[in-house]
Amino acid sequence: MSTRVTLLAGGVGGARLAHGLALALPDDGAPAPDDGLTVVVNVGDDTERHGLLVSPDLDTVMYTLAGLNDETRGWGLTDETYTTLDQLARLGEDTWFTLGDRDLATHVVRTAALREGQPLHAVTARLAASLGVHARLLPVTDDRLRTLVDTPSGRVAFQEYFVRRQHADAVLGIELDGVAAARPAPGVLDAIARADLLVVAPSNPFLSVEPVLAVPGVRDAVLASPARRVAVSPIVGGQAIKGPAAQILETLGHEVSALGVARLYADLVDVMVVDDADADLAGPIRELGVEVLVTDTIMGGAAGRERLAHDLLALG
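Residues numbered from 1 in each chain as written. Predicted model: local features only at pLDDT ≥ 70, side-chain atom pairs only at ≥ 80, totals over all residues. Heavy atoms only, no water.

Visitor: Requested: an account of the overall build of the chain, with residues and values cited.
Guide: If you tally the helices and strands in the chain, you get 13 helices and 14 strands. Over its C-alpha atoms the chain spans a radius of gyration of 19 Å, differing by no more than 12% from the 20 Å that the globule rule assigns to 316 residues. Seen through its C-alpha atoms, the chain measures out along the principal axes to roughly 60 × 50 × 40 Å. Looking at the 316 residues of the chain, the share that counts as buried comes to 53%. In the chain, 67% of the contacts between residues at least 6 apart in sequence involve partners at least 24 apart. Accessible surface computed for the chain: about 12,900 Å², of which carbon and sulfur atoms make up 51%. Between the averaged position of the 25 positive side-chain charges in the chain and that of its 43 negative side-chain charges there is a distance of 3 Å. (Helix = DSSP H or I, 4+ residues; strand = E, 2+ residues; numbered from the N terminus. Rg over C-alpha atoms; globule rule 2.2 N^0.38 Å. Buried < 20%, exposed > 50% of the residue type's maximum accessible area, 1.4 Å probe, protein only. Contact = heavy atoms within 4.5 Å. Areas by Shrake-Rupley, 256 points an atom, 1.4 Å probe, with all protein chains shown as cover. Lys, Arg positive; Asp, Glu negative; His and termini not counted. Charge placed at Lys NZ, Arg CZ, Asp CG, Glu CD.)

Structure representation (structure tokens):
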């Protein structure tokens with residue numbers, strides 16, 4: 001029987017670990033509900049641009065699993081062109097949110113299907129299958145959920161904070177608009193309940209992971225899951241591998257370290273995975289009642305991602 005792994009993910013860290021797990025797990029062909037890898041993905045980053053729904057975290061995971069992601073930037077498609085974006089700018093459109101020509105095709109297909117009444121999870125499955133992705137990719141919810149960020153100059157939409165303002169603002173708080181009315185997408189709770197190994201990716205705890213856990217029913221499902229529950233720290237040596245996780249930990253009053261992250265997840269997971277650089281924090285983390293795995297968590301390339309995935313699979 002194949003190992004059933006469910007990964008809660010968002011952003012580049014989530015996409016890279018999803019890739020590693022896909023490489024490490026046997027590839028039995030098309031995804032099945034009770035088999036292989038399921039990735040439950042944050043949709044709080046979703047935004048509407050030029051009349052199209054853009055799902056950055058879903059697409060980053062999908063493109064990475066398909067081998068199409070631009071590894072230099074960490075997002076978007078490799079060998080992308082921007083003719084459409086240039087023409088939009090010429091026509092007076094605001095183009096601060098960069099969308100490439102091939103990437104736009106994804107958003108056109110997604111938006112058209114949603115307007116026809118298809119739910120986001122079904123559209124996502126079709127897009128992923130078209131790109132040859134065998135892992136099951138699930139948005140955490142089909143319902144509208146948007147992350148809003150409180151800054152010293154006021155509350156802004158996530159992409160305004162993250163892309164337009166280059167996450168330079170201090171984050172004073174985070175609001176998840178629509179979360180109270182959101183329902184887990186079909187398959188999400190089953191994927192958590194049936195997993196042999198449940199992994200929280202080294203994604204931003206506030207911007208990528210919390211919007212997943214906050215959807216009603218998801219956190220309770222994780223707590224009730226019989227799976228081995230593991231979280232990988234996105235903080236290494238007191239710094240974020242990528243993105244603003246360190247700054248947000250600090251401005252929201254948390255210790256900027258793997259220990260600070262472990263305190264956020266201590267009631268949720270059985271094992272905390274930290275980098276070799278943070279081996280000295282293993283003792284304090286164990287005092288939280290959490291097991292610790294110290295290993296190399298840097299996932300610069302396919303080999304590093306697969307190696308970390310094998311380390312995690314050994315915990316199951």
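And the narrative resumes.
Visitor: Talk me through unusual backbone geometry; I want residue IDs and the actual numbers.
Guide: Located in the positive-phi region is histidine 50, a residue other than glycine, with phi close to 55°. Tracing the backbone through its elements, the reader meets histidine 50 in the loop between strand 3 (47–49) and strand 4 (52–54). Its relative accessible area of 24% is what places histidine 50 among the partly exposed residues. Notably, histidine 167 is not glycine yet its phi reads approximately 35°, a positive angle. Mapping histidine 167 onto the fold places it in the loop between helix 6 (158–164) and strand 8 (173–177). Residue classification places histidine 167 among the partly exposed residues on the basis of a relative accessible area of 25%.

Visitor: Let's hear about the environment of leucine 85: which residues, and what values?
Guide: Mapped onto the fold, leucine 85 is located in helix 3 (residues 83–90). In this structure leucine 85 touches Thr95, Phe97, Thr98, Leu99 and Asp101, once residues within four positions along its chain are discounted.

Visitor: Summarise the sheet that holds strand 1 (residues 5–9); cite the residues concerned and give the values.
Guide: Read across the open sheet, the seven strands follow the order 5-2-1-9-10-13-14; overall the sheet is parallel. This sheet does not close on itself; its edge strands, each paired only once, are strand 5 (136–139) and strand 14 (291–295). Strand-to-strand, the axes of this sheet are offset by a mean angle of 20°, without reference to chain direction. With five bridges connecting them, strand 13 (residues 271–275) and strand 14 associate as parallel partners. (Pairing = 2+ DSSP bridges. Axes fitted to C-alpha atoms, helices over the stretch in contact; angles between N-to-C directions.)

Visitor: Describe the sheet that holds strand 6 (residues 146–151), naming the residues involved and giving the relevant values.
Guide: The strand order across the open sheet formed by three strands is 7-6-8, and the pairing between neighbours is antiparallel. The sheet terminates laterally at strand 7 (154–157) and strand 8, the two strands that pair on one side only. For this sheet the average axis-to-axis angle between neighbouring strands, irrespective of direction, equals 30°. Direction of pairing for strand 6 relative to strand 7: antiparallel, over a ladder of four bridges. Bridge pairing in strand 7 places aspartate 150 opposite arginine 155.

Visitor: Residue-level account of the pattern of salt bridges, with values.
Guide: Applying the stated criterion to the full structure yields 17 salt bridges. Residue aspartate 311 is joined to arginine 307 by a salt bridge in which the shortest nitrogen-to-oxygen separation is 3.5 Å. Here arginine 307 and aspartate 311 lie together in helix 13 (residues 302–315), a separation of four residues that amounts to about one turn. Residue classification places aspartate 311 among the partly exposed positions, given a relative accessible area of 24%. (Salt bridge = Lys/Arg side-chain N within 4 Å of Asp/Glu carboxyl O.)

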